Amino acid sequence: MTKILVIGAGAIGSYYSARLAQRGCKIIIYSRNDAKLISQNGIVIKSYLGDFSQKPYRVVDDLKNLDEEVDYILVATKSLPNIDLRAMIAKVISAKTKIILIQNGIYVEDVIVKNFANELISCIAFIGVNREFTAGKFNGIINHQEYGRLIVGAYGNNTSKQVVEDFINLFDKNSLSSSITLPYPNNSNNLSAYFPFSIEKNISRINSGSQLLSALPMVSCPCRITSIFLAVPAGIS
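Quick notes on the rules
- Residues numbered from 1 in each chain as written.
- Predicted model: local features only at pLDDT ≥ 70, side-chain atom pairs only at ≥ 80, totals over all residues.
- Heavy atoms only, no water.
- Helix = DSSP H or I, 4+ residues; strand = E, 2+ residues; numbered from the N terminus.
- Expected span 1.5 Å × (residues − 1).
- Buried < 20%, exposed > 50% of the residue type's maximum accessible area, 1.4 Å probe, protein only.
- Pairing = 2+ DSSP bridges.
- Right-handed = clockwise from strand over helix to strand, strands pointing away.
- Core = buried A, V, L, I, M, F, W, Y, C linked by side-chain atoms within 4.5 Å.
- Salt bridge = Lys/Arg side-chain N within 4 Å of Asp/Glu carboxyl O.
- Phe/Tyr/Trp six-rings, centres within 6.5 Å; stacked < 30°, edge-to-face > 60°.

The subject of this paragraph is helix H1 (residues 11–22). With twelve residues, H1 extends 17 Å between its outermost C-alpha atoms, agreeing within 8% with the 16 Å of an ideal straight helix rising 1.5 Å per residue. Where burial is concerned, most of H1 is hidden: eleven out of the twelve residues are buried. Residues Ala11, Ile12, Gly13, Ser14, Tyr15, Tyr16, Ser17, Ala18, Arg19, Leu20 and Ala21 constitute the buried set of H1. Following H1 by one or two positions, Gly24 has its phi on the positive side, about 95°.

Pasting the structure below:
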């Protein structure tokens, strides 16, 4: 069974990891601040598509405590200078581990390719989600208001088409239909896979964050661009 370590259990990381857990993936959540809450209540999603919750396979508040290999490391942290992503990944990565980035910003892949030779998938999330707070404290609920599209691409020459296919196939096929789309600039042979929370995969090579941005004109929605994430108005992030 596929094991996925999620680094960054905010709204984005929690939503997509819960969707993966629905398909039977063993989700390991790394959370320094909310490990106890997530361990007790699981990941609780209030969604316009239907509410659900998933209990992670494991929750850790220190990566030193993770004593098992994982198939994927899914990074959904903000791209900030005080987050030492290299050090966190180095504690848990193995030669066969694939790295998935769902981060804000461009060129977020640089720190990965400079330090790790593992296959890398880089993503853009187009989704309206936020964490719910009560009296200023996170109460364990993730609100999914709208959308959910994830544009997924193989980064660089080290990542195979099959790795992208395999990652997409981890999601719910019962809600999937596929179609060939017009190629992105400088790319070809693109296949789109749409879920209710819609995922699109670019099975051609991506060599820089700027090529990921070439997908943005395909998004037709009143929205504002926040780095590489798209967020709908009214405070949704």
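Turning our eyes to something else, we now look at the pairing of strand S1 (residues 3–7). Among the five residues that make up S1, five are buried, leaving the element largely enclosed by the rest of the structure. The side-chain alternation of S1 yields two buried faces, one formed by Lys3, Leu5 and Ile7 and the other by Ile4 and Val6. Looking at chain direction, S1 and strand S2 (residues 26–30) are connected through five bridges and run parallel. Within S2, the residue paired with Ile4 across the bridge is Ile27. As for the winding sense of the linkage, the β-α-β connection from S1 through H1 to S2 is right-handed.

Here we take up the nonpolar core. One finds Ile4, Tyr16 and Ile102 to be the most contacted residues of the largest nonpolar core, which totals 40 residues. With seven residues, the single largest contributor to this core is H1. Judged by nonpolar contacts, the second largest core, of 21 residues, contains Ile28, Leu63, Leu85 and Met88.

It is worth spelling out the pattern of salt bridges at this point. Scanning the model with the defined rule gives four salt bridges in all. One salt bridge in this structure joins Lys3 and Glu68, with 2.4 Å as the shortest N-O distance. With Lys3 in strand S1 and Glu68 in the loop between strand S5 (58–60) and strand S6 (72–75), the pair connects residues that are 65 residues apart, well separated along the chain. The pair formed by Lys3 and Glu68 is uniform in burial state, with each residue classed as buried. Of the charged contacts in the structure, one is a salt bridge between Asp67 and Arg58, with a shortest N-O distance of 3.0 Å. For Arg58, a relative accessible area of 22% puts it in the partly exposed group. Within the structure, one salt-bridge network assembled from shared partners comprises Lys3, Arg58, Asp67 and Glu68.

Using the criterion set out here, one finds five aromatic pairs in the structure. Where Tyr15 meets Tyr16, the ring centres are 5.3 Å apart and the plane angle is 80°; that geometry is what we call edge-to-face. A residue is classified by how much of its surface remains accessible, and Tyr15, at 0% relative accessible area, is buried. Judged by relative accessible area, which is 1%, Tyr16 ranks as buried. Here Tyr72 and Phe167 contribute two aromatic rings whose centre-to-centre distance is 5.9 Å and whose plane-to-plane angle is 50°, an arrangement assigned as tilted. Taken as a pair, Tyr72 in strand S6 and Phe167 in helix H5 (residues 161–168) lie far apart in primary sequence, 95 residues in all. The burial state of Tyr72 is the same as that of Phe167; both residues are buried. The rings of Tyr72, Phe167 and Phe171 are connected pair by pair, giving a single aromatic cluster.

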